[in-house]
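Fold and contact review
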Amino acid sequence: MNKQEKSAAKPTTKSQNAPMPVSKRFYSYVEERILEACCAVGADEAVFMAAMASIHGYILDSTVPAKETDTTVMLIFSLLRPEIDRAISRSSAARRRAAQRKARQETNESTIEKAREEVPEKSSNEAKDNTPIALREDVCKEIKREATKKNTKESHQAVNEAKETAKENLTAKSPALDRRDLLNRRLRHIRKKALGKL
């Protein structure tokens, strides 16, 4: 099966238009890995389609293929599953960080707006304001400092929560996953050695 056949063999489902929990780049990488695996074992287009469908279903809604699935598809799925899990967790963490950045930016903008409202601008028609300009600037700086402290505290809390979650995930990791990771490392080493990269 060549790359042209692969592009014609993409699975088409209703959920394909749904937002993916992994990046497009990673999804393309997974597609290439499945194609390479199918070519390496001499599998036909039907196996490629089944493998893509199982990986696509797992990425979208964590659906694991049935035990009756073709052994080649199960092997491909088993080899790619740890990478997919890591990519999903990376993407969700990136989305959380982006949401936090956006919230901080909105908070800072609203704080600046409040400061502007508290410190009235001089107009040409208005009588001279008795408040010194340095005092107005101090008020703005103080408000900004308080907003920064609040944002820093929230970001530290988010980092600490992420560390706790990572610790829990490491302690909850099953021995089967450790064996699978070891097997994946060995396979990568063998592939590199066979390709002459070592």
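Please refer to the structure placed before this passage.
Calculation notes
Residues numbered from 1 in each chain as written. Predicted model: local features only at pLDDT ≥ 70, side-chain atom pairs only at ≥ 80, totals over all residues. Heavy atoms only, no water. Helix = DSSP H or I, 4+ residues; strand = E, 2+ residues; numbered from the N terminus. Buried < 20%, exposed > 50% of the residue type's maximum accessible area, 1.4 Å probe, protein only. Contact = heavy atoms within 4.5 Å. Areas by Shrake-Rupley, 256 points an atom, 1.4 Å probe, with all protein chains shown as cover. Core = buried A, V, L, I, M, F, W, Y, C linked by side-chain atoms within 4.5 Å. Expected span 1.5 Å × (residues − 1). Axes fitted to C-alpha atoms, helices over the stretch in contact; angles between N-to-C directions. Parallel < 35°, antiparallel > 145°, perpendicular 65-115°, else oblique. Left-handed = near helix turned anticlockwise from the far one by under 90°. Nonpolar A, V, L, I, M, F, W, Y, C, P; charged D, E, K, R; others polar. 1 Å grid on protein atoms, 1.4 Å probe; cavity = no way out; pocket = protein on both sides within 12 Å on 5 of 7 lines; lining within 4 Å. Points joined across faces, edges and corners; volume = space filled by probe spheres on them.

1. Some points on the overall build of the chain
Across its full length, the chain holds six helices and zero strands. Starting at the N terminus, the α and β elements of the chain follow one another as α-α-α-α-α-α. The buried share among the 198 residues of the chain stands at 24%. Once local pairs closer than 6 in sequence are excluded, the contacts in the chain between residues at least 24 apart make up 69%. Put simply, the chain shows about 14500 Å² of open surface, and 54% of that area lies on carbon and sulfur atoms.

2. A word on the nonpolar core
Core analysis: the largest hydrophobic core is formed by 22 residues, its most contacted members being Val30, Ile34, Cys38, Ile55, Ile59, Leu80 and Ile84. The set of elements that each furnish at least two residues to this core consists of helix 2 (24-41), helix 3 (45-61) and helix 4 (71-118). Ranked by residue count, the leading element in this core is helix 3, at seven residues. Aside from chain neighbours lying at most four places away, what touches Ile55 is Val30, Ile34, Phe77, Leu80 and Ile84.

3. Regarding helix 2
When the terminal C-alpha atoms of helix 2 are compared, their 26 Å separation across 18 residues agrees well with the 26 Å that a helix rising 1.5 Å per residue should span. For helix 2, the complete set of buried residues consists of Phe26, Tyr27, Val30, Glu31, Arg33, Ile34, Leu35 and Cys38. Within two residues after helix 2, Gly42 carries a phi angle of roughly 70°, on the positive side.

4. Things to note about the environment of Lys144
Here Lys144 lies in helix 5 (residues 133-172). Each C-alpha atom of the pair Lys144 and Thr111 lies 6.8 Å from the other, and the pair is 33 residues apart in sequence. Excluding anything up to four places from it in sequence, Lys144 contacts Thr111 and Ile112.

5. Overview of the packing of helix 2 against helix 3
Their axes nearest at 10 Å, the elements helix 2 and helix 3 cross at an angle of 150°. Accordingly, the angle class assigned to the pair helix 2 and helix 3 is roughly antiparallel. Taken as a pair, helix 2 and helix 3 cross one another with a handedness that is right-handed. Across the interface between the two elements, Tyr27, Val30, Glu31, Ile34, Leu35 and Cys38 of helix 2 pack against Val47, Phe48, Ala51, Met52, Ile55, His56 and Ile59 of helix 3. Residue classes in the contact of helix 2 with helix 3 are distributed as 11 nonpolar, one polar and one charged.

6. Re the packing of helix 2 against helix 4
In the contact formed by helix 2 and helix 4, the axes pass within 11 Å of each other and the chain directions differ by 165°. Classified by the interaxial angle, the pair formed by helix 2 and helix 4 is roughly antiparallel. Two packed elements cross with a definite hand, and for helix 2 against helix 4 that hand is right-handed. Along the contact surface, helix 2 presents Phe26, Tyr29, Val30, Arg33, Ile34, Ala37, Cys38 and Val41, while helix 4 presents Thr72, Ile76, Leu80, Glu83, Ile84, Ala87 and Arg90. Considered class by class, the residues forming the contact of helix 2 with helix 4 number 11 nonpolar, one polar and three charged.

7. Concerning the side chain of Ser54
With respect to the secondary-structure elements, Ser54 resides in helix 3. Contact partners of Ser54, with chain neighbours within four places excluded, come to Thr63, Pro65, Val73 and Phe77.

8. What to know about the layout of surface pockets
Put simply, the second largest pocket is a space of about 590 Å³. Lining the second largest pocket are 20 residues, with Arg33, Glu36, Ala37, Leu79 and Arg191 positioned closest to its centre. Of all elements in the fold, only helix 2, helix 4 and helix 6 (175-195) reach the threshold of two or more residues within the lining of the second largest pocket. Broken down by element, the residue count for the lining of the second largest pocket peaks at seven residues, all from helix 2. Broken down by class, the residue content of the lining of the second largest pocket amounts to 12 nonpolar, one polar and seven charged.

9. As for unusual backbone geometry
Residues other than glycine predominantly adopt negative phi, and peptide bonds predominantly adopt the trans conformation. For Ser62, which is not glycine, the phi dihedral falls at a positive 55°. Looking at the element boundaries, Ser62 is found in the loop between helix 3 and helix 4.

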